[in-house]
Amino acid sequence: MAERRIEDMPLRDVFTEAERLARELIDHLENGFLPKASGLKELVEVNEMGIGSDDVNDVTVRNQSAQLLERVRFADKLYSRFDQCVEAIDDKVSRITMGE
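Residue positions are counted from 1 within each chain, in the order its sequence is given. The predicted origin of the model limits local features to residues at a pLDDT of at least 70 and limits the giving and counting of side-chain atom pairs to 80 or more, whereas totals for whole chains, interfaces and linings rest on all residues. In computing side-chain properties, one takes all heavy atoms of the structure into account and sets aside hydrogens as well as water.

Draft legend 1. Highlighting the overall build of the protein chain. Every helix listed is a DSSP run of H or I at least four residues long, and every strand listed is a run of E at least two residues long, numbered separately from the N terminus. Tallying secondary structure elements over the protein chain gives 2 helices and 0 strands in all. The classification of residues rests on relative accessible area computed with a 1.4 Å probe and restricted to protein chains. Under 20% of the type maximum is buried, over 50% is exposed, and intermediate values are partly exposed. The 100 residues of the protein chain split such that 19% are buried. Should any heavy atoms of two residues lie within 4.5 Å, those residues are counted as being in contact. Look at the contacts in the protein chain between residues 6 or more apart in sequence, and 78% of them connect residues 24 or more apart. Exposure was quantified through the Shrake-Rupley algorithm and a 1.4 Å probe, taking into account, for residues, occlusion by the shown protein chains and nothing else. Accessible area of the protein chain: about 7,700 Å², with a carbon and sulfur share of 52%.

Draft legend 2. Representation of the nonpolar core in the model. Throughout, nonpolar core names a set of buried Ala, Val, Leu, Ile, Met, Phe, Trp, Tyr and Cys residues whose side chains join them through atoms within 4.5 Å. The biggest cluster of nonpolar side chains holds 11 residues, and these are Ile6, Met9, Val14, Ala18, Leu21, Leu25, Ala75, Leu78, Cys85, Ala88 and Ile89. Those elements that provide at least two residues to this core are helix H1 (11–44) and helix H2 (58–98). Ranked by residues supplied to this core, first place goes to H2 with 5 residues.

Draft legend 3. Focus on the layout of surface pockets. Put simply, the largest pocket is a space of about 160 Å³. Cavity means a closed set of points on a 1 Å grid over the protein atoms alone, one where a 1.4 Å probe fits but cannot get out, pocket means an open set with protein on both sides within 12 Å along at least 5 of 7 lines, and lining means a residue has an atom within 4 Å of a point. Taken together, Glu3, Arg20, Leu21, Glu24, Phe74, Lys77, Leu78, Ser80, Arg81 and Gln84 form the lining of the largest pocket. Those elements that place two or more of their residues in the lining of the largest pocket are H1 and H2. Looking at the lining of the largest pocket element by element, the count peaks at 6 residues for H2. Here the nonpolar group is Ala, Val, Leu, Ile, Met, Phe, Trp, Tyr, Cys and Pro; Asp, Glu, Lys and Arg are the charged ones; every other residue, Gly included, is treated as polar. The class makeup of the residues in the lining of the largest pocket is 3 nonpolar, 2 polar and 5 charged. Grid points are joined across faces, edges and corners, and a volume is the space filled by probe spheres set on the points.

Draft legend 4. Highlighting H2. Given the number of residues in a helix, its expected span is that number minus one, multiplied by 1.5 Å. The terminal C-alpha atoms of H2 lie 59 Å apart, and with 41 residues this matches the ideal 60 Å at 1.5 Å per residue to within 8%. Every buried residue of H2 is accounted for by Leu68, Ala75, Leu78, Arg81, Cys85, Ala88, Ile89 and Lys92. Lining the buried residues of H2 we find H1. Positioned one or two residues after H2, Gly99 has a phi angle of 80°, which is positive.

Draft legend 5. Seen up close, the packing of H1 against H2. Direction vectors running N to C along H1 and H2 enclose 160°, while the axes themselves pass 9 Å from each other. Classified by the interaxial angle, the pair formed by H1 and H2 is roughly antiparallel. By crossing handedness, the relation of H1 to H2 is classed as left-handed. Here the residues of the contact of H1 with H2 sort into 26 nonpolar, 6 polar and 6 charged. Only the stretch in contact is used when fitting a helix axis, every axis being a line fitted to C-alpha atoms; angles between N-to-C directions are given from 0 to 180 degrees. Relative orientations are named as follows: roughly parallel for angles under 35 degrees, roughly antiparallel for angles over 145 degrees, roughly perpendicular for angles from 65 to 115 degrees, and oblique for any other angle. Handedness of a crossing is defined here by the sense of rotation of the near helix relative to the far one, left-handed for an anticlockwise turn of less than a right angle and right-handed for a clockwise turn.

Draft legend 6. The side chain of Arg81, seen in detail. Turning to its location among the elements, Arg81 is positioned in helix H2. Engagement of the side chain of Arg81 in a polar contact is seen with the backbone oxygen of Arg4, the distance being 3.0 Å. In this structure, Arg81 is in contact with Glu3, Arg4, Ile6, Met9, Glu17 and Leu21, ignoring residues within four places of it in sequence. Any pair of N or O atoms that falls within 3.5 Å is considered a polar contact. Within protein, one atom must be able to donate a hydrogen and the other to accept it, and sequence-neighbouring residues count only if both atoms are side-chain atoms.

This is the structure:
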């Protein structure tokens, strides 16, 4: 289903959409992105003696990095739509207060 154009939504719906996106973004960052980033960090981490895990293959690091980048792209998409909502709210409220 195609997303509705934010500019065409009533102000109340824009607020609702912004709230939904904020919750989804927070959930994604806490439960998807941060655990994946921590996992990748632990995978490539070098200890205080300068020794890392010898059991880690390049393909494993590449796959983990690709998954993390996928999560970044998803977060960017959510944030972009959230930002559009905030800008639309600002625009719509400005028009209401200016009497347009």
